[in-house]
Every structure is written in structure tokens, then in C-alpha cells.
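Residue-level structure breakdown
For reference, the chains in residue letters:
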Amino acid sequence: LAHNSRDLIFLDLPLAEAVMTEWFKERGWIVSLSGPGRIAKQLLRQLGGIYGISKLAHKGVIELLGGVEENKIPDQEASKKKLEKEVGMPRQAVIEKLKRVIQSDGLFYGTERFLEGLISANALRLGAKIQCPVCTRYNWYELNALDYELQCRFCLSDFSPPLHSPKDMQWTYRTHGPFASSTAQGAFTVLLTIKLLSGNIHGGVTPLFSYVAEKDGKRLEADLTCLYKASSLRERGTHIVHAECKSFNRFERKDIERMKELATAFPGSALIFATLNNELQESEVKLIKKLALTERRKNLCGKPSNHVIVLTGTELFSHRFAENWENKGGIYKQLSYRAFHLNSLSVLADATQQIYLGLPSWSEWLETEWGKRRQKQARKKVMKQKNAIK
């Protein structure tokens, strides 16, 4: 492109959202980010990109961020026997929770470094919990809001903090920005799914967060859609991946129907059901298993089919989930030998369907189905011969 060695040409790489928006547009779909999609986008920005998602790859951290605002302590007047919502979580409580995370997940760094990482990502903010002398309710003030004269956000009274008794000012942490949103939990699952696709199985990912797509009166919704390319010489194509993501709540029929619509609109794509729970309930297994069998039968008939993949906390909270499978034993260990092939979506679908849906492997199921067809054809042949004799 350059005319001589002194020419400089600057090329801006397009953002993933712009690429995916144009990709949908070429297929006649007009997309717009939903509220949860915007939250996920801001979370990724605050974490510093895909590599920063590893800060969330611990169940204890997700529970910590979700529980900071939910801690409750007894009211100071014990006679009332009421509970008052605490403003933030005391530092020592945060440290103890992070210690348990480090111990359970076998991390090599200390709690102070762990906490520093969450603060640098603006997931937590430090502030002081101070009681208003007028209405006796507690207020929380960030460091930059502390002053010699404060205003109560409940009764709007002006008062001075207890400068003569600093012990009455308790330092606590609160979640900040998108981390404090009620929809952040679902967004955490979206980000962990991206981390797994791009990190654990070493693929290239171009994501579009939770969105609504419209075309000719039709409407599609997904928590995540991305273009995925496996880091493997065996697979050179780019795949479409749609994901339905849950935090600790459960999959319902409406979630399955939403994924069916995506499968119809984009045949040949992968359908991921991601949850932070380690196991699926029986009702969830029944719903997803039915969809997986439908897609297998499409493949058997030579029709475009979709790979159904199930991801749980076992995979999402692991940096190398194949090793985690081996440590869990049982069917997990039996399938962990396929670690080098799990970047293939078809292999990943086959393995997770065996683990979480109780289905036989694709090859075993295929042999059984062909056996049924041969028996059916044999019976038809016998009946045809009998009818000819008659």
C-alpha cells in the first residue's frame, strides 16, 4: 500500500460490536444492544478486556460481588429486633471471603493482591459507613465524598462526622458501576463463556453481547452471539455461536424456544447453554436433551443441524477445565482425554451432552439409530415378501 519507505498508513481495527452488527445487517437483521448487553460491554471494559475476565473466574468472587449489598446486621436498638441493611461489607469480611477463594481454588497469590485487582477494575470501592445523628440511619460515603460536613441521603439533614471518635466510622467496600447492577450476574456468565471460548479452548472470538434482532416482523434475542474460529489446523472454518446464559437461576422452556428460533434462523450454528450452577436440574435436562436429540436427528437425515453445548460452573470457573474434569473422576475423567480436541465445537457438544444430559456418544447413538433403521427395513422387506406370496 505504501508508495515509498517513508509513507505511514494508519488502519483502525473495527470493534467486535461493529463487525457483528454489519454481519447481521448483511443477512437482513437489524440489531440493537439490550440493557444487559450494555452492562456486559461496560464490565468487559472495566476488566481491561478478555484477559481481565479471569478475575471473575471464581465462584467465591461472584458470590462476594453479589453479596456485598445484601449483608445485614442487627439494629443498634436490640429491643426493636429488626434488621437494618448494612451499607457495604467490612474490610475484614471481604478479606476472609477472598482467603476462602484462594484456598478453595488453589491460587498462588495473596488476599491483598486479589483485593487490589478487584479495586483496580473498579469492581469494589472503599468508603465509610456513618450514622446520621438525626434519623439514626446509616449512610455510605466514598472517599471523595467525605468531608467535614455531610448530608444524610434519607432525611437530608446536615451533620458532622464523628471526628472525635473515628472508631464510629466503619470502613467498608461496595460494588461499583456495572458490578452493582442487578443484571450483572447474568453478564458475568456471558463474560465467562467468552473467556472459555477464547482462552480455555484457544479460539478466536468476535462477540456481540445481549441484543435484540429484527427482520420482516420477526424478533430474535440472545445473551451472546459470536463468530468463533478454533485454533486448530484441522478446523479452518468460522462458526456461529449463540449462548443462553444464566447465573444461579435455572433454564426454562422460554429459553429453549428462544434458542430454537436462533437455530432456525442460523442453521449449522452452535447453541450453548451456560450456567454458573455445577449441575442441571432434572427439568432442565429434559428440556435441553429434547433439543439435542432433535438436532442429532437432523444431522442423521443430512439436514443442517446445530451443536448443543452445555457449560456449567465446572467449566466456566476453571482455567483448564479438561484438567478439572480429570480431577472430578467418573464420566468427567473418562472424557478428559479429549482435551486436545475440545476446541472443536462438535467434540465439545458430544462430551457435554454425555456428561450433563446423559446421552450416549454421537458414534454410539448413530450406530444404534442405524441399527433401528436396518431392522425397520428388514421388517418391511419381510412384509413385502409375504404380501407377494399371498
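Spatially, E4-E9-E5-E6 is the arrangement adopted by the four strands of the open sheet, whose pairing is antiparallel. At either margin of the open sheet sits one strand with a lone partner, and together these are strand E4 (89–90) and strand E6 (138–142).

Attention now goes to the sheet that holds strand E11 (residues 218–230). Taken together, the six strands give an open sheet; going across it, the order is E1-E10-E11-E12-E13-E14, and neighbouring strands pair in mixed fashion. Strands with a single pairing partner mark the edges of an open sheet, and in this sheet they are strand E1 (30–33) and strand E14 (307–311). Sheet twist, expressed as the average angle between the axes of neighbouring strands with direction ignored, equals 35 degrees. When strand E10 (residues 203–215) meets E11, the two strands line up antiparallel, connected through 12 bridges. Looking across to E11, one finds that valine 205 is bridged to tyrosine 228. Strand contacts of helix H1 (residues 16–26): E1, E10, E11 and strand E12 (239–246), with the helix running at about 55 degrees to E10, the strand carrying the most contacts. Across the sheet, helix H2 (residues 35–47) lies against E1 and E10, angled at about 155 degrees from E10, the strand it touches most.

Here the focus is the pattern of salt bridges. Any two side chains of opposite charge can pair, given that their charged atoms come close. Enumeration according to the criterion identifies 17 salt bridges in this entry. With a shortest N-O distance of 3.1 Å, lysine 246 and aspartate 255 are connected by a salt bridge. Residue lysine 246 shares its accessibility class with aspartate 255, and that shared class is buried. Linking glutamate 284 and arginine 250 is a salt bridge whose minimum nitrogen-to-oxygen distance equals 3.0 Å. Placement of glutamate 284 in helix H8 (residues 282–300) and of arginine 250 in the loop between E12 and helix H7 (253–265) is noted, with a sequence separation of 34 residues between them. Note on glutamate 284: relative accessible area 0%, which makes it buried. The partly exposed category is assigned to arginine 250, whose relative accessible area is 27%. Through salt bridges with shared partners, a single ionic network connects Glu244, Lys246, Asp255 and Arg258.

A separate point is unusual backbone geometry. Residues other than glycine seldom take positive phi values, yet asparagine 122 does so here, at roughly 60 degrees. Within the fold, asparagine 122 resides in the loop between helix H5 (111–120) and strand E5 (124–131). Of note, the phi angle at aspartate 216 is positive, near 50 degrees, even though the residue is not glycine.

Turning to the packing of H8 against helix H13 (residues 362–389), a few remarks are in order. Helix-helix packing: each pair is described by the crossing angle between the helix axes and the interaxial distance. Taken N-terminus to C-terminus, the directions of H8 and H13 make an angle of 65 degrees; their axes are 11 Å apart at the nearest point. Judged by the sense of rotation from one axis to the other, the crossing of H8 with H13 is right-handed. The segment H8 lies against H13, with Leu293, Arg296, Arg297, Asn299 and Leu300 engaging Trp362, Trp365, Leu366, Glu369, Trp370 and Arg373. Tallied by class, residues from the contact of H8 with H13 come to six nonpolar, one polar and four charged.

Next up on the list: helix H10 (residues 321–328). Buried residues of H10: Phe321, Ala322 and Trp325, and no others. All buried residues of H10 project into a common sector of 110 degrees when viewed along the axis, lining one side.

Taken as a whole, the largest pocket encloses approximately 720 Å³ of empty space. Forming the boundary of the largest pocket are 26 residues, of which His58, Val101, Asp105, Leu107 and Phe114 lie nearest the centre. Only helix H3 (59–67), helix H4 (91–105) and H5 provide two or more residues apiece to the lining of the largest pocket. Residues belonging to the lining of the largest pocket are distributed by class as follows: nine nonpolar, nine polar and eight charged.

Turning to the nonpolar core, a few remarks are in order. A general trend in soluble globular proteins is that nonpolar side chains are found buried together. If you look at the biggest cluster of nonpolar residues, it comprises 101 residues, and the most contacted ones within it are Phe24, Leu56, Leu197, Tyr211 and Ile288. No other element matches the nine residues that helix H6 (residues 184–200) contributes to this core. When near neighbours in sequence (up to four residues on either side) are disregarded, isoleucine 288 contacts Phe251, Ile256, Phe273, Leu280, Val308, Val310 and Leu357. The next biggest cluster of nonpolar side chains, apart from the first, holds eight residues, and it includes Cys132, Tyr141, Leu150 and Phe159.

Turning to the confidence of the model for the chain, a few remarks are in order. Averaged over every residue, the pLDDT of the chain is 87; the share at 70 or more is 91%. Low pLDDT, under 50, characterises residues 72–85; the predicted model gives this stretch 18 contacts beyond four residues in sequence or across chains.

A complete count under the given rule lists 13 aromatic pairs for this structure. Here phenylalanine 24 and tyrosine 211 contribute two aromatic rings whose centre-to-centre distance is 5.2 Å and whose plane-to-plane angle is 55 degrees, an arrangement assigned as tilted. Placement of the pair is phenylalanine 24 in helix H1 and tyrosine 211 in strand E10, with a sequence separation of 187 residues. For phenylalanine 24, a relative accessible area of 0% corresponds to the buried category. For tyrosine 211, a relative accessible area of 1% corresponds to the buried category. An aromatic cluster of at least three residues, connected via ring pairs, comprises Trp23, Phe24, Trp29, Tyr211 and Phe266. It is lysine 129 that lies over the ring of tyrosine 138; its NZ or CZ is 4.5 Å from the centre.

To continue, consider the pairing of strand E13 (residues 270–275). With six of six residues buried, E13 is to be regarded as a mostly interior element. By the bridge criterion, six bridges tie E12 to E13 in an arrangement that is parallel. Residue pairing across strands places valine 241 opposite alanine 270, the latter belonging to E13. The parallel pair E12 and E13, bridged by H7, forms a crossover whose chirality is right-handed. Since E13 and E14 lie parallel, the crossover through H8 that links them has a hand, and here it is right-handed.

Conventions used here
- Residues numbered from 1 in each chain as written.
- Predicted model: local features only at pLDDT ≥ 70, side-chain atom pairs only at ≥ 80, totals over all residues.
- Heavy atoms only, no water.
- Pairing = 2+ DSSP bridges.
- Helix = DSSP H or I, 4+ residues; strand = E, 2+ residues; numbered from the N terminus.
- Axes fitted to C-alpha atoms, helices over the stretch in contact; angles between N-to-C directions.
- Contact = heavy atoms within 4.5 Å.
- Salt bridge = Lys/Arg side-chain N within 4 Å of Asp/Glu carboxyl O.
- Buried < 20%, exposed > 50% of the residue type's maximum accessible area, 1.4 Å probe, protein only.
- Left-handed = near helix turned anticlockwise from the far one by under 90°.
- Nonpolar A, V, L, I, M, F, W, Y, C, P; charged D, E, K, R; others polar.
- Arc of directions from axis to C-beta.
- 1 Å grid on protein atoms, 1.4 Å probe; cavity = no way out; pocket = protein on both sides within 12 Å on 5 of 7 lines; lining within 4 Å.
- Points joined across faces, edges and corners; volume = space filled by probe spheres on them.
- Core = buried A, V, L, I, M, F, W, Y, C linked by side-chain atoms within 4.5 Å.
- pLDDT = per-residue confidence, 0-100.
- Phe/Tyr/Trp six-rings, centres within 6.5 Å; stacked < 30°, edge-to-face > 60°.
- Lys NZ or Arg CZ within 6 Å of the ring centre and 35° of its normal.
- Right-handed = clockwise from strand over helix to strand, strands pointing away.

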